[in-house]
Amino acid sequence: MIDINKYIQSGIIEEYVLNNLSEVDRGEVERIASLHPEIANEIFETSESLSLYGKLGAVTAPAYMQERLWEAVNKPNIAPKVKTTNAQANKKIKSTNWAKYSAVAAFSLITFLALFWGVKASNKLAEIEATVKQLKTNNEEINEKLIVLQKLVDDNYSIYRLPNIKLVILNSYKSKSLAILIWDKDQNDIYLDIKVMEENDVEKEKYHLWSITDIGLQSRIGTFDYKSENRIIKVGEVEGAVQFQVTRESDMNVKRPNAANLILKGNVGY
Amino acid sequence: MQKVETPDLVQGLIDKDRKSFDTLYQNYSSALYGIALRITKVNEVAEDVLQEAFVKIYKNIDRYDSSRGTLFTWMLNICRNSAIDKIRYGREIKNVPFDTLDLGLSAETNPELELANSELWKVLDNLNEDHKEVLKLSYYFGYSHKEISEILDIPFGTVKSKIRIAIRELRKIYP
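Residues numbered from 1 in each chain as written. Chains lettered and ligands numbered in written order. Predicted model: local features only at pLDDT ≥ 70, side-chain atom pairs only at ≥ 80, totals over all residues. Heavy atoms only, no water.

Moving on, we come to the overall build of chain B. Per the secondary structure count, chain B includes nine helices and zero strands. When the 175 residues of chain B are sorted by exposure, 55% land in the buried category. A fraction of 63% describes how many contacts in chain B between residues 6 or more apart in sequence connect residues 24 or more apart. With an accessible surface of roughly 8000 Å², chain B has 49% of that area assigned to carbon and sulfur atoms. (Helix = DSSP H or I, 4+ residues; strand = E, 2+ residues; numbered from the N terminus. Buried < 20%, exposed > 50% of the residue type's maximum accessible area, 1.4 Å probe, protein only. Contact = heavy atoms within 4.5 Å. Areas by Shrake-Rupley, 256 points an atom, 1.4 Å probe, with all protein chains shown as cover.)

Regarding its fold elements, chain A presents seven helices and eight strands. Looking at chain A as a whole, 33% of its 270 residues qualify as buried. Long-range contacts, defined as pairs at least 24 residues apart, comprise 54% of the intrachain contacts of chain A with a sequence gap of at least 6. Only carbon and sulfur atoms are counted for the fraction: they give 57% of the accessible area of chain A, which is about 17300 Å².

Take the side chain of A:Glu42 next. On the secondary structure map, A:Glu42 appears in helix 4 (residues 37-56). We classify A:Glu42 as buried; its relative accessible area is 10%. Once you skip the residues sitting within four places of it in the chain, A:Glu42 turns out to touch A:Ile8, A:Ile13, B:Arg168 and B:Arg171.

What follows concerns unusual backbone geometry. Outside of glycine, negative phi angles account for most residues, and trans bonds account for most peptide bonds. With phi around 65°, A:Asn188 is a residue other than glycine that occupies positive phi space. Here A:Asn188 lies in the loop between strand 2 (177-184) and strand 3 (189-196). A relative accessible area of 22% places A:Asn188 in the partly exposed class. Located in the positive-phi region is B:Lys16, a residue other than glycine, with phi close to 60°. Mapped onto the fold, B:Lys16 is located in the loop between helix 1 (6-14) and helix 2 (18-40).

The next thing to look at is the side chain of A:Glu249. Residue and element names in this part refer to chain A. Mapped onto the fold, Glu-249 is located in strand 7 (residues 243-249). The buried charged residue Glu-249 lacks any salt bridge partner; its closest oppositely charged side chain belongs to Arg-220, at an N-O distance of 7.3 Å. Reaching out from Glu-249, the side chain makes a polar contact with the side chain of Thr-247 at a distance of 2.9 Å. (Lys, Arg positive; Asp, Glu negative; His and termini not counted. Salt bridge = Lys/Arg side-chain N within 4 Å of Asp/Glu carboxyl O. Polar contact = N/O pair within 3.5 Å; in protein donor to acceptor, adjacent residues only side chain to side chain.)

It is common to report an interface's size as the accessible area lost on association of the parts. The interface is formed by 54 residues belonging to chain B together with 53 residues belonging to chain A. Put simply, chain B and chain A have three salt bridges between them. Among the salt bridges present, the one from B:Arg18 reaches A:Glu67, with a minimum N-O distance of 2.6 Å. Scanning the region where chain B abuts chain A turns up twelve residue pairs in polar contact (both at pLDDT 80 or more). Listing elements by their share of the side of chain B that touches chain A, those giving two or more residues are helix 2, helix 3 (43-59), helix 4 (71-89), helix 6 (111-124), helix 7 (129-140) and helix 9 (156-173) of chain B. A breakdown of the residues in the side of chain B that touches chain A according to their chemical character gives 23 nonpolar, 13 polar and 18 charged. (Nonpolar A, V, L, I, M, F, W, Y, C, P; charged D, E, K, R; others polar.)

Residue and element names in this part refer to chain B. Two elements in contact, helix 2 and helix 3, have axes separated by 9 Å at closest approach and are oriented at 135°. The angle between the axes of helix 2 and helix 3 places the two elements in the oblique class. In this structure, helix 2 meets helix 3 at a crossing whose hand is right-handed. Each of Phe-21, Leu-24, Tyr-25, Ser-29, Leu-32, Tyr-33, Ala-36, Leu-37 and Thr-40 in helix 2 lies in contact with helix 3, whose residues at this interface are Asn-43, Val-45, Ala-46, Glu-47, Val-49, Leu-50, Phe-54, Ile-57 and Tyr-58. Considering only residue class, the contact of helix 2 with helix 3 consists of 14 nonpolar, three polar and one charged. (Axes fitted to C-alpha atoms, helices over the stretch in contact; angles between N-to-C directions. Parallel < 35°, antiparallel > 145°, perpendicular 65-115°, else oblique. Left-handed = near helix turned anticlockwise from the far one by under 90°.)

The contact between helix 5 (residues 65-73) of chain A and helix 3 of chain B brings their axes to 9 Å, and the two run at 45°. Taken as axis vectors, helix 5 of chain A and helix 3 of chain B run oblique relative to one another. Helix 5 of chain A and helix 3 of chain B meet at a crossing whose hand is right-handed. When helix 5 of chain A is examined against helix 3 of chain B, the residues A:Met65, A:Arg68, A:Leu69, A:Trp70, A:Ala72 and A:Val73 are found in contact with a partner set consisting of B:Glu47, B:Asp48, B:Leu50, B:Gln51, B:Phe54, B:Val55, B:Tyr58 and B:Lys59. Of the residues assigned to the contact of helix 5 of chain A with helix 3 of chain B, the class counts are nine nonpolar, one polar and four charged.

Residue and element names in this part refer to chain B. Every buried residue of helix 8 (residues 145-152) is listed here: His-145, Ile-148 and Ser-149. Taken around the axis of helix 8, the buried residues stretch over an arc of 105°, which confines them to a single face. Of the exposed residues in helix 8, the ones pointing more than 90 degrees away from its buried face are Lys-146 and Glu-150. Looking one or two residues past helix 8, Asp-153 carries a phi angle of roughly 55°, positive in sign. (Arc of directions from axis to C-beta.)

Of the residues in chain A, 77% reach a pLDDT of 70 or more, and the chain-wide mean stands at 79. Here residues 83-96 of chain A scores under 50 on pLDDT; set against residues more than four positions off or in separate chains, the count is four contacts. (pLDDT = per-residue confidence, 0-100.)

For the structure shown, the criterion picks out nine aromatic pairs over all chains. Here the aromatic rings of B:Tyr25 and B:Phe54 are separated by 6.0 Å at their centres, their planes lie at 55°, and the arrangement is tilted. Of this pair, B:Tyr25 sits in helix 2 while B:Phe54 sits in helix 3, placing them 29 residues apart in sequence. Each of the two residues, B:Tyr25 as well as B:Phe54, counts as buried. With 5.6 Å between their ring centres and 50° between their planes, B:Tyr64 and B:Trp74 make a pair best called tilted. With B:Tyr64 in the loop between helix 3 and helix 4 and B:Trp74 in helix 4, this pair connects stretches of sequence that are ten residues apart. B:Trp74 matches B:Tyr64 in its accessibility class, with the two residues each being buried. Taken together through their ring pairs, the aromatic side chains of A:Trp70, B:Phe21, B:Tyr25, B:Phe54 and B:Tyr58 make up a single cluster. Positioned above the aromatic ring of A:Tyr16, the side-chain terminus of A:Arg26 is 4.3 Å from the ring centre. (Phe/Tyr/Trp six-rings, centres within 6.5 Å; stacked < 30°, edge-to-face > 60°. Lys NZ or Arg CZ within 6 Å of the ring centre and 35° of its normal.)

Next comes the structure, spelled out in structure tokens:
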């Protein structure tokens, strides 16, 4: 037998109303509410209270929004579902696919027949076959390039999808270089997405990335070589900085960024 | 604002009736926009969130079940989730750190919030400081209980009980 007061005191009703429960837990709350009117009433009252508080923080939307929303809700095929069961989703995909396959099959059949009879009549079958073969080859090449491009994008730009990053633009009028520094604030990792920069002579010199703190402390985060195919490079880690600098140094043991060798600079905005 | 009975409004929306849409907009858009704006901070993004939320509400209105809560709470959860998705996974804003959720900063960066916040905070100021904080983070800024526990460095169970007490306190001062 459930202790109704204890259940209400547990805070689960508030979580239910705030939509912070899993689907399983929501179902359990609803099952219990259907058995105990006191709990159903508590859900209703909590929901009512929160409705009032929501209205307290109201801000009037711009006047044009009413028409914009009316147009949006009436656009066909833009129905994002709040929730769809897996079975429904599978069914939908399945039926859509069947429709697609049927349409594609019908289209292919008609195209084939038309081609066949057309070619027979004009006696140009060989020429068309060669064209189709060429198109097929081109198509395969394009597909391969797309796969490579997609992989490139996924590899290079996944950093930008990290949940807690800070971006700092590094540039320099003098060197005409440009890079975006990506600071993963969760891991303190520093990445450079280099847009324009000269390749360094790996035998003689290296690029050095420096952090400068608010009290002027200069520390080397790491060194790196730049080749144009290496777009995003992980350079090192840093906990705090107000400015970043990149210098190109032939002396690997240099202790501080040398202004004469400055390639890139950027301040951390707040 | 036009007073409307929820079952009539829901039926009108199912029937794709323009008047019902206008009523929905007039009665609820400002509250939903307020929530979207508090979470996203940017007018244009909040407008997109409001649009997404309205489309979801409109297309799924037949799924609304009054036994699970009020229509407004149902819509509010849709809007909050859309706003949270936008700031976490969208391209518009990379990251909204906790410290930028400070109200003073909101008012500076978005004057439209100032007036609404002054009203809201007048009511919330009657709450115990701790309770106000958790309610603010959970209800007005869309943080999950787990996230609040991490942000405020308090146990998960304490977050739940503080929210419960805050809602109860609010019921007394704003019945």
